[in-house]
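Here are the chains, one letter per residue:
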Amino acid sequence: MKIDFHTHAKLAKKLPFSHEYTDWLFREAKRSGLDALCLTEHFNTLGFQEVYRYIAGRCTREGDSLVTEDGFRIFPGMEVDIAEGGHTLVTGPLECILEMNERLEPHKTRETFLSFEEWSDMVKQYPVLFGAGHPYREGGHIPELPDELLDRFMFLDINGKDLARDCEGTWKRMREMSERLGKPLVAGSDTHQSFQYGCVYNVFENTVNTTDGLYREIREKKYRIEMSDDLVFKVETAGILKRSLKEIHALGGDYVSVLLKGAEI
């Protein structure tokens, strides 16, 4: 099972939710060769609950995963900011993700973000996977947290955007952190649109449909991380497309219509 552990369903968190855009993303993810993804949408994105209501309504539930009509598997999750600076990832049953998001409602602005300790205390109450999202990204301070807090993570995100900027340095820093903490590395593209799918991903030996199944494959090292030879091109092209589509929206245009008409040519 080829799975990407860090993805988004919207072009940008401040834009309205578009089900046409999200449908297109999932189709393109499958076309890229992926079998599954963890949908780690920003916890404070506009319309978070709406995103998941729509996806759940058009998918079949299998274990903790949501499966599209063409067999693509989606594991619900979210990306959550912490007060110290930095991002964390959770993946788990839909009802848990939605409940956690509701509880975070008073903490969705920079001034009100929970501290890592407060947030990770909440995470412990749910059967979810908990990871450090791109810990060495500029502006984040996760590596500076005490090791006794970092030990609460279950995995570390080796991130496509960071690999594109500095592949050798990112691998070096992340391997050192993994070895120091005894936490596995898991790959995520961090994509908000299609070109970035497949830049980096995990190949699990088995197809699983539960959170426990995901963690078992990771814990038992029954997976490998693959990187595309075109990783830098994929990420840079994705960035150009994202900026262009956001500009269309800012100018009052329908970026989804422009994108999907182009896809039909």
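Heads up: the structure comes first, above all this text.
Notes on the structure follow.

1. Concerning the overall build of the protein
- Helix and strand counts for the protein come out as 10 helices and 11 strands.
- Over its C-alpha atoms the protein spans a radius of gyration of 17 Å, differing by no more than 12% from the 18 Å that the globule rule assigns to 265 residues.
- Overall, the protein is about 50 × 40 × 35 Å in size when its C-alpha atoms are taken along their principal axes.
- When the accessible surface of the protein is summed, it comes to about 12000 Å², and 48% of that surface belongs to carbon and sulfur atoms.

2. What to know about the side chain of S178
- Tracing the sequence through the fold places S178 in helix 7 (residues 167-181).
- According to the relative accessible area criterion, S178 is buried, its value standing at 15%.
- Other than its neighbours up to four places away in sequence, S178 contacts L156, K183, P184 and L185.

3. Brief notes about empty space enclosed by the protein
- Applying the stated criterion to the full structure yields 1 cavity of 30 Å³ or more.
- Looking at the largest cavity, its volume works out to about 30 Å³.

4. Points about the packing of aromatic side chains
- Tallying each qualifying case throughout the model produces 13 aromatic pairs.
- With a centroid separation of 5.7 Å and an interplanar angle of 70°, the aromatic rings of Y21 and Y255 are classed as edge-to-face. Here Y21 is found in helix 1 (residues 19-31), whereas its partner Y255 is found in helix 10 (residues 255-264), with 234 residues between them in sequence.
- Relative accessible area serves as the criterion here: at 6%, Y255 is assigned to the buried category.

5. Some details on the pattern of salt bridges
- Applying the stated criterion across every chain yields a total of 16 salt bridges.
- Of the charged contacts in the structure, one is a salt bridge between R137 and D162, with a shortest N-O distance of 2.6 Å. Highlighted residues: R137 in the loop between strand 7 (129-133) and helix 5 (147-150) and D162 in helix 6 (residues 160-165), separated in sequence by 25 residues. In this structure, R137 and D162 share a single accessibility class: buried.
- When the shortest N-O distance is used, the salt bridge between K222 and E220 registers 3.1 Å.
- On the accessibility criterion, K222 (28% relative accessible area) is partly exposed.
- It is possible to trace a salt-bridge network through shared partners that takes in R137, D162, R165 and D190.

6. What to know about the environment of I142
- With respect to the element layout, I142 can be found in the loop between strand 7 and helix 5.
- In this structure the C-alpha to C-alpha distance between I142 and G86, which are 56 residues apart in sequence, comes to 5.9 Å.
- For I142, the contacting residues outside a window of four places in its chain are I82, G85, G86, H87, T88, A132, P135, L150, F153 and M177.

7. Notes on the state of the cysteines
- Applying the stated criterion across every chain yields a total of 0 disulfides.
- Among the cysteines around C96, which has no disulfide bond, C38 carries the closest sulfur, lying 15 Å off.
- Looking at C96, the relative accessible area reads 11%, which means it is buried.
- Counting only cysteine sulfurs, C199 is the nearest neighbor of C167, a cysteine outside any disulfide, at a range of 11 Å.

8. With respect to the nonpolar core
- F5, M78, W119 and L214 are the most contacted members of the largest nonpolar core, which has 86 residues in total.
- Ignoring sequence-local partners within four residues, the contact set of W119 consists of M78, V80, I82, T88, V90, M100, L104, L114 and F130.

9. What to know about helix 2 (residues 48-58)
- Those residues of helix 2 that fall on the buried side of the exposure criterion are F48, Q49, V51, Y52 and I55. Buried positions in helix 2, seen along its axis, are confined to an arc of 155° and lie on one side of it. Turned more than 90 degrees from where helix 2 packs its buried face, R53 and G57 sit exposed.
- Looking at the packing, one finds that the buried side of helix 2 touches helix 1, strand 2 (36-42), strand 4 (65-67), strand 5 (73-81) and helix 3 (94-103).

Conventions adopted
Residues numbered from 1 in each chain as written. Predicted model: local features only at pLDDT ≥ 70, side-chain atom pairs only at ≥ 80, totals over all residues. Heavy atoms only, no water. Helix = DSSP H or I, 4+ residues; strand = E, 2+ residues; numbered from the N terminus. Rg over C-alpha atoms; globule rule 2.2 N^0.38 Å. Areas by Shrake-Rupley, 256 points an atom, 1.4 Å probe, with all protein chains shown as cover. Buried < 20%, exposed > 50% of the residue type's maximum accessible area, 1.4 Å probe, protein only. Contact = heavy atoms within 4.5 Å. 1 Å grid on protein atoms, 1.4 Å probe; cavity = no way out; pocket = protein on both sides within 12 Å on 5 of 7 lines; lining within 4 Å. Points joined across faces, edges and corners; volume = space filled by probe spheres on them. Phe/Tyr/Trp six-rings, centres within 6.5 Å; stacked < 30°, edge-to-face > 60°. Salt bridge = Lys/Arg side-chain N within 4 Å of Asp/Glu carboxyl O. Disulfide = S-S within 2.5 Å. Core = buried A, V, L, I, M, F, W, Y, C linked by side-chain atoms within 4.5 Å. Arc of directions from axis to C-beta.

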